[in-house]
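# A closer look at the structure
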Amino acid sequence: MSRRLVLILALTCAVGVGNIYFPQAISPLVARGLGESPDAATLVVTATQAGYTAGIFLLVPLGDRLPHRPFLATLLALTGAGLLAAGCAPTLPPLVAMSALIGITTVAAQIVAPLAAGLVAADRRGAVMGTLLSGSIGGMLLARTFSGTLGEWLGWRAPYLVAAVLVLLLATVLAYALPVTTPPSRQPYPALLAEPLRLLRTEPDLRRSCLYQATIFAGFSAIWTCVALLLTGPAYRLGAEAVGMLALVGAATMFCTPFAGRLVDRWGPDPVNLVCMLGALVSTAVLAAGARGGVQGLTALVLGTLLLDIAMQSGMVANQARVFALRPDARSRLNTAYMTCAYLGGSGGSWVGVRVYGRTGWRGVCALVAFLAAVALARHLVALYGRSTRGNETSAVSRR
């Protein structure tokens, strides 16, 4: 696969993922613009993530059945139409409905990843996955900064309208730039939908990868949904632009994920997962100090969100490398199972995080994230210990 194609696919990931995350920075502006409470406006974020989860389940399996070029171009065109409609929404209910539609159709990154995994050698898969994830991270970070800044200047509708233009331009580029591919499966659509559930039942490594990402991503989503409430609330009294600027700190993850991918290629995914889970746990202690407000609190938020971003994204590289190695003929369906679980965790994390924040404040959200990271770490240690025990037992039997 050429470097030019890798860059185009990384840009596709950036645009697709950015559409999920830019509403996080402008939810307070949506609340003011439509005369709704801040808690009600966060439904836009939750609806986008829930729609994305549904899109992964309903549409990504078709990546094993349809040619990639027309499939991706069509999805991006539908996303662009949804963004235009959202930018013109007169009240919150139609905006929430359009947010769900945007989420459903903006699944390009989850179709690109299996496509790229099939175009490179196995010993380069981790590095390419890391590069694509760097694109996704760049889209996520720039989308928050872009929407927060543009929203403060021109109102909450402007980010939706500008994003629509960008998505429609990319759809045109992909219609010409993507290579012609032959789908690996001819199964009917109902069978494709059922396959991810069967793979979850039969592939233990898929199940634990799903658990790892669902728990860590739930914590990640809880933090980023609630940090907008924290920064615009009485502790800091900052604008939506501050949320976007905070997101820029995570730009370091764009350089960390290709490095994590090379580590996965060399050492395997399990050691990388272990370090990432420990990093997520440590980040919660740092983030908790953000409740103090002032310069010290803001410094804690910067360092804590950076560490959590690196841990979550590097862990995703490790998990996807493990998942894509299981069944080369079913990578889109494997990715469907994996990402559906991950975004179910993300949607649940946003929903629960807002309610925990309303009852116990920022420190309660940090405690929730620590609990989720501890669940993932406990399961991972069981997997590592069990593997080590089985290996020792096998060695003892062979010596006898």
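In this report, the structure presented in the accompanying data block is examined. Every value quoted in this text rests on a predicted model; they were computed, and no experiment measured them.

Reading guide: rules and limits
Sequence order sets the numbering: in each chain, residues are counted from 1 along the sequence as written. With pLDDT at 70 or above as the cut-off, local features in this predicted model cover only qualifying residues; side-chain atom pairs require 80 or more to be listed or tallied, and sums for whole chains, interfaces and linings still use all residues. Values shown for side chains rest on all heavy atoms present in the structure; no hydrogens or waters enter the calculation. Definition of nonpolar core: a set of buried residues of the types Ala, Val, Leu, Ile, Met, Phe, Trp, Tyr and Cys, connected through side-chain atoms within 4.5 Å. Any residue under 20% of the maximum accessible area for its type is buried, any over 50% is exposed, and the rest in between are partly exposed; the area is computed with a 1.4 Å probe on protein chains only. The criterion used for residue contact is that any of the two residues' heavy atoms lie within 4.5 Å. Working definition: a ring pair exists when centres of Phe, Tyr or Trp rings (six-membered ring for Trp) sit within 6.5 Å. Plane angles under 30 degrees give stacked, over 60 give edge-to-face, the rest tilted. Per the convention used, a helix needs a DSSP run of H or I reaching at least four residues, while a strand needs a run of E reaching at least two, with both numbered from the N terminus. Any two cysteine sulfur atoms lying within 2.5 Å of each other are counted as a disulfide. In this scheme, patches are assembled from residues that exceed 30% relative accessible area and form no salt bridge. Like charges are connected within 9 Å, while nonpolar side chains (Val, Leu, Ile, Met, Phe, Trp, Tyr) are connected within 5 Å. In this description, accessible areas are obtained by the Shrake-Rupley approach with a 1.4 Å probe, and a residue is regarded as covered only by the protein chains that are shown. Take a side-chain nitrogen of Lys or Arg and a carboxyl oxygen of Asp or Glu: if they are within 4 Å of each other, that pair is a salt bridge. Expected span of a helix: the number of residues minus one, times 1.5 Å. Every angle, taken between N-to-C directions, lies between 0 and 180 degrees, and every axis is a line fitted to C-alpha atoms, over only the stretch in contact when it is a helix. Roughly parallel covers angles under 35 degrees, roughly antiparallel covers those over 145, roughly perpendicular covers 65 to 115, and oblique covers all other angles. Crossing handedness: left-handed means the near helix sits turned counterclockwise from the far one by under a right angle, and right-handed means the same turn made clockwise. Just so you know the grouping, Ala, Val, Leu, Ile, Met, Phe, Trp, Tyr, Cys and Pro go in nonpolar, Asp, Glu, Lys and Arg go in charged, and all remaining residues, Gly too, go in polar.

## Digging into the nonpolar core
One finds V30, L95, L132, Y160, L206, Y343 and W362 to be the most contacted residues of the largest nonpolar core, which totals 115 residues. Aside from chain neighbours lying at most four places away, what touches Y160 is F22, P23, I26, V44, L83, A86, G87, L95, S99 and I102.

## Quick notes on the packing of aromatic side chains
Taken as a whole and assessed by the stated rule, the structure comprises four aromatic pairs. Ring centres 6.0 Å apart and planes at 85° place the aromatic pair W156 and Y160 in the edge-to-face group. Comparing W156 with Y160 shows no difference in burial state: the two are buried. What links up through ring pairs into an aromatic cluster is the set Y21, F217 and F220.

## Describing the environment of T105
Here T105 shows up in helix α5 (residues 92-105). Judged by its relative accessible area of 5%, T105 is buried. Between the alpha carbons of T105 and L58 there is a distance of 9.8 Å; along the sequence they are 47 residues apart. For T105, the contacting residues outside a window of four places in its chain are L59, L75, L78 and T79.

## A word on the state of the cysteines
Taken as a whole and judged by the stated rule, the model has zero disulfides. Residue C13 stays outside any disulfide, its sulfur separated by 18 Å from that of C256, the closest cysteine.

## Details of unusual backbone geometry
Positioned with a positive phi, R237 is a non-glycine residue whose angle comes to about 55°. Residue classification places R237 among the exposed positions, given a relative accessible area of 66%.

## Details of a nonpolar patch on the surface
On the surface, L84, L161 and L168 cluster together to form a nonpolar patch covering roughly 210 Å² of accessible area. With respect to the helices and strands, the residue L168 is situated in helix α8 (residues 157-177). On the basis of relative accessibility, which here comes to 34%, the residue L168 falls in the partly exposed class.

## Things to note about the pattern of salt bridges
In the structure shown here, the tally under the stated rule is five salt bridges. We note a salt bridge from E195 to R198, for which the minimum N-O separation is 2.8 Å. Pair noted here: E195 and R198 are both in helix α9 (residues 189-202), with a separation of three residues, about one helical turn. A residue is classified by how much of its surface remains accessible, and E195, at 8% relative accessible area, is buried. Of the charged contacts, one joins D270 and R322 as a salt bridge, the two residues approaching to 2.8 Å between their closest N and O atoms. Residue D270 is found in helix α13 (residues 269-288), and its partner R322 is found in helix α14 (residues 294-324); the two are separated by 52 residues along the sequence. The same class applies to D270 and to R322, which are both buried. Each of D205, R208, D270 and R322 takes part in salt bridges that share partners, so that together they form one network.

## Remarks on the environment of L178
Within the element layout of this structure, L178 appears in the loop between α8 and α9. Using a relative accessible area of 2% as the deciding quantity, one classes L178 as buried. In contact with L178, other than residues within four places in its own chain, are L5, L9, H68, R69, L72 and L115.

## Section: α8
An ideal rise of 1.5 Å per residue puts 30 Å on 21 residues; α8 measures up with 31 Å between its terminal C-alpha atoms. Of the residues making up α8, those classed as buried are A158, P159, Y160, A163, A164, V167, L170, A171 and L174. Those residues of α8 that are buried lie in contact with α1 (3-34), α3 (43-59), α4 (68-87), α5 and α7 (125-154).

## A closer look at the packing of α1 against α8
At a minimum axis distance of 9 Å, the contact between α1 and α8 shows a crossing angle of 165°. In terms of their interaxial angle, α1 and α8 are classed as roughly antiparallel. Note that α1 runs across α8; the crossing there is left-handed. When α1 is examined against α8, the residues L5, I8, L11, T12, V15, N19, F22, P23, I26 and L34 are found in contact with a partner set consisting of R157, P159, Y160, A163, V167, L170, L174 and A177. Residues belonging to the contact of α1 with α8 are distributed by class as follows: 15 nonpolar, two polar and one charged.

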